[in-house]
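Topology and contacts: notes
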Amino acid sequence: AFISLRQMLDHAAENGYGIPAFNVNNLEQIQAIMEAAQAADSPVILQASAGARKYAGEAYLRHMMLAAVESHPDIPVVVHQDHGTSPAVCIQSIRSGFTSVMMDGSLLADGKTPSSYDYNVDVTRRVTEMAHAVGVSVEGELGCLGSLETGEAGEEDGVGAVGKLTHDMMLTDPLQARDFVQQTGVDALAIAIGTSHGAYKFTRKPTGDILAIDRIAAIHAQIPNTHLVMHGSSSVPQEWLEIIRRFGGDIKETYGVPVEEIQRGIQSGVRKINIDTDIRLAMTGAMRQLLAEQRSEFDPRKALLAAKKAASGICTARFEAFGCAGQA
Ligand code: G3H
Ligand code: 13P
Ligand code: NA
Ligand code: ZN
């Protein structure tokens, strides 16, 4: 059944676990997540970006979400819009049947330029008023995702701030978070702690100076009833990087957010963990391997099935690691 993000994360908070929010664009990704959730008995958050809507088309996305729930009637499903850049985008998703929307007012409507605090409060409050009137949850964002190593917004895939950011912009301030939640009424808040989108997050295994997990507890203490969200939370598995390279891909040395650090985040109050890149890496690795090893194969279903299995493997591992397995 479809449920709201608020309902799902309230249960997660009461029971001390976290839930991965996986980005979806196509049939195989949705099936991979749903099959892993069914096997693990886990609730799921399916999230679609503006890029997903452009890729699949609004009607296809909507009907695939319906198919997911029809095929797995016992699994609670949140359909969440990832990184809405304006109130208009959020309204479109609400009309389309999403049960949760992210108003990312940390950036202007171009989705690139860091905004003022007042702008962020204003757009987020407007979306929350409209969404709550129809039972839809809202995620806001305070602070900009970016690399504490380089000061770069680090947006190689076109989502998020562009250019140089200051250290302060890349770390959410706990007292400002409290004011933001009071003024906007959001259900969930994405925080900036040094993570960034995409495969190139860190040039080494991150330590506390470049991944500020310790800040989460201070933010949670100020807004205990608002669910914290970690974006840019792919772990960038070295095994999948090696498979991609072995079968002809070119991925430079890079590190993601270790699963143990996410687990520390969950202990400090994180409830929603956004993951897109890990599924991309696993699917690409699996497709490269299959097509390289079975050179006469030309049925795309073979490659897509391998990709689906690889994606499911990521989902299963995260459901177990984040504690949501068995909670459906
Ligand atoms: O937030 C970023 C997600 O990875 C979505 O990326 O815009 O390429 O769909 P996308
Ligand atoms: P990754 O690029 O680390 O998977 O992050 C995805 C994300 O934050 C989507 O909003
Ligand atoms: Na989101
Ligand atoms: Zn994100």
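Residues numbered from 1 in each chain as written. Chains lettered and ligands numbered in written order. Predicted model: local features only at pLDDT ≥ 70, side-chain atom pairs only at ≥ 80, totals over all residues.

- Going by what an unreviewed UniProt entry lists, the chain is known as Fructose-1,6-bisphosphate aldolase and is assigned to Polaromonas hydrogenivorans.

Concerning the environment of D173
- Its place among the elements puts D173 in the loop between β5 (137-142) and α7 (174-184).
- When the C-alpha atoms of D173 and G143 are compared, they prove to be 7.9 Å apart, with 30 residues separating the residues in sequence. (Helix = DSSP H or I, 4+ residues; strand = E, 2+ residues; numbered from the N terminus.)

Observations regarding the packing of helix α6 (residues 117-133) against α7
- It is the contact of α6 with α7, at a shortest axis distance of 9 Å, that shows an interaxial angle of 40°. As far as their axial angle goes, α7 and α6 are oblique. Contact residues: V121, T124, R125 and T128 in α6; F180, Q183 and T184 in α7. (Axes fitted to C-alpha atoms, helices over the stretch in contact; angles between N-to-C directions. Parallel < 35°, antiparallel > 145°, perpendicular 65-115°, else oblique. Contact = placed C-beta atoms within 7 Å.)

Side note on the UniProt feature "active site" (unreviewed entry) in the chain
- This chain's UniProt record puts "active site" (unreviewed entry) on D82.
- Secondary-structure assignment places D82 in strand β3 (residues 77-84).
- Judged by the 27 C-beta atoms lying within 10 Å of it, D82 falls in the buried class.
- If sequence neighbours within four positions are ignored, D82 has contacts with N23, Q47, A48, S49 and M102. (UniProt positions renumbered as here; feature names shortened; annotations may be inferred. Buried ≥ 20, exposed ≤ 12 C-beta atoms within 10 Å, placed from the backbone.)

Comments concerning the site of ligand 1
- With respect to spatial proximity, ten residues lie near ligand 1, and among them S49, G51, V159, H197 and D276 are the closest.
- Elements that contribute at least two residues to the shell around ligand 1 include exactly α3 (50-56) and β3.
- Among the residues forming the shell around ligand 1, the class breakdown is two nonpolar, five polar and three charged. (Near = placed C-beta within 6 Å. Nonpolar A, V, L, I, M, F, W, Y, C, P; charged D, E, K, R; others polar.)

Considering the nonpolar core
- Core analysis: the largest hydrophobic core is formed by 92 residues, its most contacted members being I33, L46, V101, L189, I191, A282 and A311.
- With nine residues, the single largest contributor to this core is helix α12 (residues 300-322).
- What L189 contacts, discounting residues up to four positions off in sequence, is E139, G140, L142, A177, V181, I223, T226, L228 and V229. (Core = buried A, V, L, I, M, F, W, Y, C linked by C-beta atoms within 7 Å.)

Quick word on α12
- Helix length check: α12, at 23 residues, gives a terminal C-alpha distance of 33 Å against a target of 33 Å (1.5 Å per residue), a fit within 8%.
- The elements touched by buried residues of α12 are β1 (19-23), α2 (27-40), α10 (259-267), β8 (270-275) and α11 (277-293).
- Once α12 finishes, G323 follows within two positions and takes phi at roughly 85°, a positive value. (Expected span 1.5 Å × (residues − 1).)

Points about the UniProt feature "binding site: dihydroxyacetone phosphate" (unreviewed entry) in the chain
- The sites that UniProt annotates as "binding site: dihydroxyacetone phosphate" (unreviewed entry) are G198, G232, S233, S234, N274, I275, D276 and T277. What stands out for the annotated residues spanning 80 residues is how close their C-alpha atoms remain, the widest pair being 11.3 Å apart.
- Within the secondary structure, S233 is located in the loop between β7 (227-230) and α9 (238-246).
- Note on S233: 28 C-beta atoms within 10 Å, which makes it buried.
- Setting aside anything within four residues of it in sequence, one finds S233 in contact with T195, V257, I262, I273, N274 and I275.

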